[in-house]
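Spelled out from the first residue to the last, the chains are:
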Amino acid sequence: MKKVIIIGAGPAGLTAAYEISKSKEFSCVLIEKSKYVGGMARSVELLGQTVDIGPHRFFSNDTRVNKLWLEVVGKNYQMVDRLTRIFYKGKYFDYPLKPINAFLNLGIKETIFCLLSFFLVKLFPHKRPDTFEGWVTNRFGARLYSIFFKSYTEKLWGIPCENLTSEFAKQRIKNFSLGEAIIAAFNLGKKKHKTLVDQFAYPLFGNGFVYEKMKELYLENGGIIYFDKSIKEIYFDGLHYSINFDDVILKSEFLISSMPITSFLQIFKNSPESIINQSANLKFRNTLLIYVSLENVITFKDQWLYIQDENILSGRVTNFNNWVKTIKNNNGRTVLAFEYWCYDKDYIWNCEETELKKIVQNDLINGNFIKSLNNIVDYAFIKVPMCYPVYDKDYKDSLDNVIIYTKEFKNLHLIGRYGAFKYNNQDHSILMGLLTAKNIAGKEENDLWSINTDYEYHESSTITATGLVNN
Ligand SMILES: Cc1cc2nc3c(=O)[nH]c(=O)nc-3n(C[C@H](O)[C@H](O)[C@H](O)COP(=O)(O)OP(=O)(O)OC[C@H]3O[C@@H](n4cnc5c(N)ncnc54)[C@H](O)[C@@H]3O)c2cc1C
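Residues numbered from 1 in each chain as written. Predicted model: local features only at pLDDT ≥ 70, side-chain atom pairs only at ≥ 80, totals over all residues. Heavy atoms only, no water.

Things to note about the overall build of the protein
Next, step 1: A count of helices and strands for the protein gives 15 helices and 19 strands.
Next, step 2: Expected size for 471 residues packed as a compact globule is a radius of gyration near 23 Å; at 23 Å, the protein falls within 12% of this value.
Next, step 3: Projected onto its principal axes, the C-alpha positions of the protein cover 70 × 55 × 50 Å.
Next, step 4: Considering the protein as a whole, with its 471 residues, one finds that 58% of them fall into the buried category.
Next, step 5: Approximately 20,900 Å² of the protein is accessible, and the part contributed by carbon and sulfur atoms is 52%.
Next, step 6: Distance between charge centres in the protein, computed from 57 positive and 51 negative side chains, equals 5 Å. (Helix = DSSP H or I, 4+ residues; strand = E, 2+ residues; numbered from the N terminus. Rg over C-alpha atoms; globule rule 2.2 N^0.38 Å. Buried < 20%, exposed > 50% of the residue type's maximum accessible area, 1.4 Å probe, protein only. Areas by Shrake-Rupley, 256 points an atom, 1.4 Å probe, with all protein chains shown as cover. Lys, Arg positive; Asp, Glu negative; His and termini not counted. Charge placed at Lys NZ, Arg CZ, Asp CG, Glu CD.)

Here is the structure:
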């Protein structure tokens, strides 16, 4: 049997391992740094209920991904009616934007200013459409851009929108524009836009259930997992990869890595200095999640809110009471997760828990989510390092050089959100895992670097009887 070593048991690595373990031709060893599977997409028990790492909505228009998801989850899921609005100046705005709702919330004066600024940009387009600011302004006008996009985006990336490439916007907003929103509002166009997704599938026992179940199936197929392992060195001698951890050296013909691409290159002893230096331009942003358990409060009905309000430091708030009944607690409390995005050096990443409590207390009060601090029962904190690849101005050239370099290595597959430096959702990482398995089996020759760039993201695809599309 040929051996495949897979680094990282998140959606990408675990899917690859599971798929390969179905074949009799290969033996699989999965090496995971933490004590659990699911990576950023895992679920955790805290504050008396099951929660995810921020909101985790599964959706895909890819038949292969949906088929695998259903194979693993079975009937243990429910379709959830999506409600995820923008919170701005104490008001809730529909997302994607709906002109009538926006008009009622903004008032007549502000709406006129927004329309004028939209028409102005049609006459005099922003000169830098290659930046996030220019790209969004050209579609919505400067005023709507500053109300609905600027604050959230700058909180997320930590850089001014004029220095962020338009790639993030192209990927997530697609061709949506104010013009298209108006057409949709008056039902003038038959086709709904891609980002108008109404429902999503959610496992009954939390998003991480998918990966717990996948782990079980993988082990039943004879796969091996090492948890809590820190890899020291990787080396390729032309035939085999040697992976060194805990003074054990494992050898394999195939290597799949879903650990951060930058960390991989540092321990990959074949990497020349020049490539390690190039990879230093690939930066990641961290997420700090503060969970609060609240008593006697009526909070919002949304699964999560995007926070555009500048008086609130958090960029997104998830309410775990609004997903499925089966993850709800029985103690009548509400668990919210506040997300704060930061770099390693930032104060919030390094400060004490007492300071973090003050930060979230301010956000709860400023957002009017609670009447008094007495409503807070308890807190919990989760740090997720390196979870957003930053598409700044320098990243593309450096990534291209890293791709060219790593392609020279036979049977080496770099996949996943930080493994391939791609702003993946879990479905993209699952697809990368699936296609890697097919490449290794010699059945297909997929270009994994193209996933999530030329991969169509039809959020508006029609939902079928299974609740998922294209099945
Ligand atoms: C706050 C937040 C909200 C999100 N919301 C959604 C959503 O609504 N819908 C959606 O589809 N996706 C969402 N995502 C994205 C989703 O979580 C990721 O796309 C998915 O988890 C990526 O899977 P992955 O396997 O590529 O990476 P990961 O999930 O990061 O898994 C990588 C694994 O590698 C392990 N690892 C790292 N270094 C090493 C090492 N040196 N050795 C061994 N193992 C290592 C890690 O411990 C981890 O288990 C969200 C992410 C975040 C952070």
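Alright, that's what it looks like, and here's the rest.
A look at the domain arrangement of the protein
Next, step 1: Split into domains, the protein comes out as domain 1 (2-39 + 59-81 + 205-281 + 392-450), domain 2 (97-195) and domain 3 (284-389).
Next, step 2: Taken residue by residue, the interface counts seven residues in domain 1 and 10 residues in domain 2.
Next, step 3: Between domain 1 and domain 2, a total of about 700 Å² is buried, with carbon and sulfur atoms accounting for 49% of that surface.
Next, step 4: When residues of domain 1 are sorted by the area they lose upon contact with domain 2, Asp-392, Lys-393 and Tyr-423 head the list and together hold 75% of the total. (Domains from an automatic or database assignment. Contact = heavy atoms within 4.5 Å. Buried area = accessible area lost by both parts, 1.4 Å probe.)

Regarding the environment of Asn-277
Next, step 1: Take Asn-277: it is sitting in helix α11 (residues 273-279).
Next, step 2: Overall, the relative accessible area of 47% leaves Asn-277 in the partly exposed class.

Re helix α2 (residues 63-73)
Next, step 1: Every buried residue belonging to α2 is among Val-65, Asn-66, Leu-68, Trp-69, Leu-70, Val-72 and Val-73, and all of these are buried.
Next, step 2: Residue Gly-74 follows α2 closely and has a positive phi angle near 60°.

Quick word on the packing of aromatic side chains
Next, step 1: Summed over all chains, the structure comprises 35 aromatic pairs.
Next, step 2: Ring centres 5.1 Å apart and planes at 25° place the aromatic pair Phe-264 and Phe-268 in the stacked group.
Next, step 3: Classification of Phe-264 by relative accessible area gives buried; the value is 0%.
Next, step 4: Classification of Phe-268 as buried rests on a relative accessible area of 1%.
Next, step 5: Ring pairs connect the aromatic residues Tyr-152, Trp-157, Phe-200, Tyr-202, Trp-304, Tyr-306, Trp-323, Trp-341, Tyr-388 and Tyr-423, which therefore count as one cluster.
Next, step 6: Taking the ring centre of Tyr-343 as reference, the NZ or CZ of Arg-285 above it sits at 4.4 Å.
Next, step 7: Looking at Lys-383, its charged tip hangs above the ring of Trp-349, at a distance of 4.9 Å from the centre. (Phe/Tyr/Trp six-rings, centres within 6.5 Å; stacked < 30°, edge-to-face > 60°. Lys NZ or Arg CZ within 6 Å of the ring centre and 35° of its normal.)

Things to note about the environment of Lys-22
Next, step 1: Along the polypeptide, Lys-22 turns up in the loop between α1 (11-21) and β2 (26-31).
Next, step 2: For the pair formed by Lys-22 and Gly-222, sequence separation is 200 residues and the distance between their alpha carbons is 8.9 Å.
Next, step 3: If we skip the residues at most four places from it in the chain, Lys-22 touches Leu-68, Glu-71 and Asn-221.
Next, step 4: Separated by 2.6 Å, the side chains of Lys-22 and Glu-19 make a polar contact. (Polar contact = N/O pair within 3.5 Å; in protein donor to acceptor, adjacent residues only side chain to side chain.)

Some remarks on the sheet that holds β2
Next, step 1: Taken in spatial order, the five strands line up as β9-β2-β1-β13-β19 in an open sheet, and their pairing is parallel. Pairing within the sheet leaves two strands with one partner each, and these edge strands are β9 (224-226) and β19 (412-414). Strand after strand, the sheet turns through a mean of 15° between neighbouring axes, direction not considered.
Next, step 2: By the bridge criterion, four bridges tie strand β1 (residues 2-7) to strand β13 (residues 254-257) in an arrangement that is parallel. Across the sheet, the residue bridging to Ile-7 is Ser-257, located in β13.
Next, step 3: Lying over the sheet, α1 contacts β1, β2 and β13, oriented at roughly 160° with respect to β2. (Pairing = 2+ DSSP bridges. Axes fitted to C-alpha atoms, helices over the stretch in contact; angles between N-to-C directions.)

Considerations on the site of the ligand
Next, step 1: Among the 29 residues in the neighbourhood of the ligand, the closest are listed as Glu-32, Pro-55, His-56, Arg-417 and Gln-426.
Next, step 2: The contact in question runs from an oxygen atom of the ligand to an N or O atom on the backbone of Asn-424, over 2.8 Å.
Next, step 3: Taking Ser-429, its side chain carries an N or O atom lying 2.7 Å from an oxygen atom of the ligand.
Next, step 4: The protein chains hide 94% of the 990 Å² of surface that the ligand would expose on its own. (Near = heavy atom within 4 Å.)

Points about the nonpolar core
Next, step 1: Ranked by internal contacts, the top residues of the largest apolar core, which has 125 residues, are Ile-261 and Tyr-291.
Next, step 2: Of the residues forming this core, the biggest block, eight residues, is contributed by helix α6 (residues 142-157).
Next, step 3: Setting aside anything within four residues of it in sequence, one finds Ile-261 in contact with Leu-282, Phe-284, Leu-399, Val-402, Leu-414, Tyr-418, Gly-419, Ala-420, Phe-421 and Trp-449.
Next, step 4: Formed by 26 residues, the second largest nonpolar core is a distinct cluster that contains Phe-87, Ile-307, Tyr-340 and Trp-349. (Core = buried A, V, L, I, M, F, W, Y, C linked by side-chain atoms within 4.5 Å.)

A look at α1
In an α-helix there are 3.6 residues to a turn, and that puts residues three or four apart on one side.
Next, step 1: For α1, the buried fraction is high: 11 of the 11 residues fall into the buried class.
Next, step 2: Of the residues making up α1, those classed as buried are Pro-11, Ala-12, Gly-13, Leu-14, Thr-15, Ala-16, Ala-17, Tyr-18, Glu-19, Ile-20 and Ser-21.
Next, step 3: Turning to α1, the residues buried within the fold contact β1, β2, α2, α9 (209-220), β13 and α15 (426-440).

Details of the sheet that holds strand β7 (residues 91-93)
Next, step 1: Across the sheet, seven strands lie side by side as β7-β6-β15-β16-β17-β14-β18; this open sheet has mixed pairing. Only two strands of the sheet have a single neighbouring strand rather than two, namely β7 and β18 (376-389). Strand-to-strand twist in this sheet, taken as the mean axis angle between neighbours without regard to direction, amounts to 25°.
Next, step 2: Judged from the two bridges that link them, strand β6 (residues 86-88) and strand β15 (residues 304-307) form a sheet pairing that is parallel. Among the inter-strand pairings, Phe-87 is bridged to a residue of β15, identified as Ile-307.
Next, step 3: Each of β14 (284-294), β17 (334-342) and β18 is contacted by helix α13 (residues 353-366), which is oriented at about 100° to β18, the strand it contacts most.

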